[in-house]
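# Commentary on secondary and tertiary structure
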Amino acid sequence: MALINSVNIRPGVNVLSVLPHLNYKAWFALAEFVDNAIQSSIDHRRELIATEGKDYRLRVDIVFNPTESTITITDNAAGIATSDYQRAFRPAEIPPDASGLSEFGMGMKSAACWFAPNWSVRSTALGERTERTIFFDIEKIVHDSIEELNVVSTDASADTHGTEVRLERIWKFPRGRTIPKIKEHLASIYRVYIQEELLELWVDGEKLGYEEPAILIAPSYRDPDGALVTWRKDININLGDGRSASGFVAIREIANTRLAGLALFRRKRLILGSADEAYRPEDIFGRPNTYPFQRIFGEIHLKGFFVSHTKDGVKWEESEEVFLRKLRQELSSDALPLIQQAREHRTRSGAKAVRQEASAALFTTAASLNEVTLSAHDEAPPPDSGKEAPVTANSKVELPDVASGDREEAEIRLRFRNEFWIVRFELSYAEDDADWLVIRNRPSITDPEPREVVVRIAMLNPFMAQFPTLDSEGFSAVLKIAAAMALAEVAATELADRHPSAVRRYTNEILKNQLSRRVTDD
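What counts, and where the lines are drawn
Residues numbered from 1 in each chain as written. Predicted model: local features only at pLDDT ≥ 70, side-chain atom pairs only at ≥ 80, totals over all residues. Heavy atoms only, no water. Helix = DSSP H or I, 4+ residues; strand = E, 2+ residues; numbered from the N terminus. Buried < 20%, exposed > 50% of the residue type's maximum accessible area, 1.4 Å probe, protein only. Areas by Shrake-Rupley, 256 points an atom, 1.4 Å probe, with all protein chains shown as cover. Expected span 1.5 Å × (residues − 1). Bend = angle between axes of the 7 residues up to and from the residue. Phe/Tyr/Trp six-rings, centres within 6.5 Å; stacked < 30°, edge-to-face > 60°. Lys NZ or Arg CZ within 6 Å of the ring centre and 35° of its normal. Contact = heavy atoms within 4.5 Å. Axes fitted to C-alpha atoms, helices over the stretch in contact; angles between N-to-C directions. Left-handed = near helix turned anticlockwise from the far one by under 90°. Pairing = 2+ DSSP bridges. Salt bridge = Lys/Arg side-chain N within 4 Å of Asp/Glu carboxyl O. Core = buried A, V, L, I, M, F, W, Y, C linked by side-chain atoms within 4.5 Å. Parallel < 35°, antiparallel > 145°, perpendicular 65-115°, else oblique. Nonpolar A, V, L, I, M, F, W, Y, C, P; charged D, E, K, R; others polar.

Glancing now at the overall build of the protein chain. Helix and strand content of the protein chain: 16 helices and 22 strands. Counting across all 522 residues of the protein chain, residues that qualify as buried make up 49%. Carbon together with sulfur atoms contributes 48% to the accessible area of the protein chain, which is approximately 25,700 Å² in total.

Shown next as structure tokens:
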């Protein structure tokens, strides 16, 4: 075993000053270190099993330490051998075998420089009795044009192996929601290795796992009473010149706008479409407010393609258009018309999956409107009306258990045309073919104040099914329009207004003066 006192990092050390400006995302930068560990375990799998036994599993640990502003990545792979040491630290030194995950000779260097100005690598190669550590101070290296770095060597036991990368003085330390997002993306990127039990990936003491979405099992939209079909299709597309795409595409049992989409892999490692950044070309998925956009998902493994040096994009050249055309043909075939099924399939679970969002919108809207509309007038509803106290923005509103019952209820109180009104909302989940809007318990003009009207919205109505991606603000807008239409119809009927435009006129008036955030006096 040769003695290594220093390592040459030529050519062009100035390139190190450019690496912090690469267009990385934190999870793809961290993935570079995981790639190196995986490739090391693959290249030396036989020796690792001989040393550790048949139960050997590659383990990679990523630890964030915000107090010290450090990130540490540790693995139990084969380490950096003496024969590879000089090459491993020279930028853009392509390895002899570039057919694996370590193909550009830049991954560890570029990712480390992107994260931090100071970093070190401590490694012990399998079968060697020496632990070597090298320290990088990028500012000093560039300023002094240093082309050789000293290596600190110590004795190690024969059964020690693995590598630790320590990043210090992180440029922008991941905090808050970024850490869970990193976990989600890394689990998505390495799902194949995790599922095949070739990798244990830990982040801050949590073992990452990946759970496949449940696939829709339902009759064809062309025969709703027919046999159940599993809506999953194997894909095998020949793109010529040694290029191919294989895998599967399916329909999610429960629609999910954030997580639907395709994941594109190469060499078992995800390149494009991790977690909530799925690959959703419009040719297949349509626009964001369509059902295919939130229902179709799949995994496609590409062969014969190059990728970007940050491994977060496919170099299609002119093949993407051909790929999408052939994929669409596969997914639209008469044998299993997957795109059409995703577009036409209707289920109660679709509406009920967003029921919490609708429920939150119902109660939030009621609370905000009660506060605004009542504060805009000097008078309050009669205290002896016998009605329950209105829900206000300061009230503690308990959302009902959305798993039970066929409807949600809330009310708003407002003053319209010099009278106090109660509008009771019902979100109904009882019938698929019910009218979208129904007005019940129409008040009589002789009723004492406050006057009450019940507005029921059928959430399973096909009209509502067209908007599967509505958020709470969207639901709130629907509620306000329904309330305005109901009051306008009642008002027009009571005044015996024979002009059809009266409903529109009253609707506009109510939306402007009673159901907007800023309410004016009548």
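Read on, since the account is not over.
In this section: helix α1 (residues 26-43). In an α-helix there are 3.6 residues to a turn, and that puts residues three or four apart on one side. A rise of 1.5 Å per residue sets the reference length of α1, with its 18 residues, at 26 Å; its end C-alpha atoms lie 26 Å apart and thus fit the reference within 8%. The principal kink in α1, of about 25 degrees, is found at glutamate 32. Counting buried positions along α1 gives 15 out of 18 residues, so the element sits mostly inside the fold.

Two aromatic rings, taken as a pair, are described by how far apart their centres are and by the angle between their planes. Per the stated rule, a full pass over the model turns up 10 aromatic pairs. Aromatic side chains tyrosine 85 and phenylalanine 89 sit 5.0 Å apart centroid to centroid with 55 degrees between the ring planes, which places their arrangement in the tilted category. Since its relative accessible area comes to 0%, phenylalanine 89 is described here as buried. Taken together, the ring pairs in this structure connect Tyr85, Phe89, Trp119 and Phe136 into an aromatic cluster. Across from the ring centre of tyrosine 85, 5.5 Å away, lies the NZ or CZ of arginine 132, which sits over that ring. Here the basic side chain of arginine 280 rests over the ring of phenylalanine 293, its NZ or CZ set 4.0 Å away from the ring centre.

For helix α10 (residues 319-331), built from 13 residues, the straight-helix expectation of 18 Å at 1.5 Å per residue is met to within 8% by its first-to-last C-alpha distance of 18 Å. Residues of α10 that are buried make contact with β12 (232-240), β13 (243-251), β14 (261-266), α8 (282-285), β16 (296-303) and α11 (338-344).

Put simply, α1 and helix α4 (residues 107-115) touch, their axes get as near as 9 Å, and they point 145 degrees apart. Between α1 and α4 lies a crossing of left-handed hand. Contact with α1, carried on its side by Ala26, Ala29, Leu30, Glu32, Phe33 and Asn36, involves Gly107, Met108, Ala111, Ala112, Trp114 and Phe115 of α4 and no other residues of that element.

What the four strands build is an open sheet, ordered β19-β20-β22-β21; its pairing is mixed. Of all the strands in the sheet, the pair left with one neighbour each is β19 (407-416) and β21 (437-440). Each adjacent strand pair in this sheet contributes to an overall mean axis angle of 25 degrees, direction not counted. Two elements, strand β20 (residues 419-428) and strand β22 (residues 451-458), share eight bridges in a ladder whose sense is parallel. Residue pairing across strands places valine 423 opposite valine 453, the latter belonging to β22.

Attention now goes to the pattern of salt bridges. In total, this model carries 27 salt bridges according to the counting rule given. Where aspartate 144 meets lysine 140, a salt bridge forms, and the shortest distance between an N and an O atom there is 3.3 Å. Aspartate 144 sits in the partly exposed class, given a relative accessible area of 39%. When the shortest N-O distance is used, the salt bridge between glutamate 411 and arginine 424 registers 2.9 Å. Of this pair, glutamate 411 sits in strand β19 while arginine 424 sits in strand β20, placing them 13 residues apart in sequence.

What follows is about the pairing of β13. Among the nine residues of β13, seven are classified as buried, and the element is accordingly described as predominantly covered. Sheet topology places β12 next to β13; eight bridges connect them, and they run antiparallel. Bridging across to β13, arginine 232 finds its partner in alanine 250. Relative to β16, β13 runs antiparallel, the two being bridged by eight bridges. Bridging across to β16, alanine 245 finds its partner in leucine 302.

This part covers unusual backbone geometry. Despite not being glycine, aspartate 204 has its phi angle at roughly 50 degrees, a positive value. Inspection of the secondary structure assignment puts aspartate 204 in the loop between β8 (199-203) and β9 (206-207). The class of aspartate 204 is partly exposed, set by a relative accessible area of 36%. For lysine 268, which is not a glycine, the phi torsion comes out positive at approximately 70 degrees. As for its placement among the helices and strands, lysine 268 is situated in the loop between β14 and β15 (269-272). Taking relative accessible area as the criterion, lysine 268 reaches 33% and is therefore assigned partly exposed.

What follows deals with the sheet that holds β15. One open sheet holds the five strands; their spatial order is β12-β13-β16-β14-β15, and the pairing between them is mixed. The strands lining the two open edges of the sheet, one partner per strand, are β12 and β15. Strand-to-strand twist across the sheet, computed as the mean angle between neighbouring axes with direction ignored, equals 25 degrees. In this sheet, β16 lies alongside β14 in parallel orientation, the contact comprising five bridges. If you follow glycine 261 over to β16, its bridge partner there is phenylalanine 297.

Core analysis: the largest hydrophobic core is formed by 67 residues, its most contacted members being Phe115, Leu167 and Tyr190. When residues of this core are assigned to their parent elements, the largest contribution, 10 residues, is made by α1. Ranked by size, the runner-up nonpolar core spans 39 residues in total, among them Trp421, Val453, Ala488 and Ala502.

Attention now goes to the packing of α1 against helix α6 (residues 178-189). Contact pair α1 / α6: the axes reach a minimum separation of 9 Å and the direction vectors enclose 50 degrees. Relative to α6, the element α1 is oriented oblique. The element α1 and its partner α6 pack so that their crossing is right-handed. For the pair formed by α1 and α6, the contact residues are Ala26, Trp27, Phe28, Leu30 and Ala31 on the first element and Lys181, Ile182, His185, Leu186 and Ile189 on the second. Broken down by class, the residue content of the contact of α1 with α6 amounts to eight nonpolar, one polar and one charged.

Looking now at the side chain of threonine 507. Considering the arrangement of structural elements, one finds threonine 507 in helix α16 (residues 501-513). Residues within four places of threonine 507 in sequence aside, it is in contact with Ala484, Met485 and Ala488.

Such coordinate-based values are descriptive only and should not be taken to indicate function.
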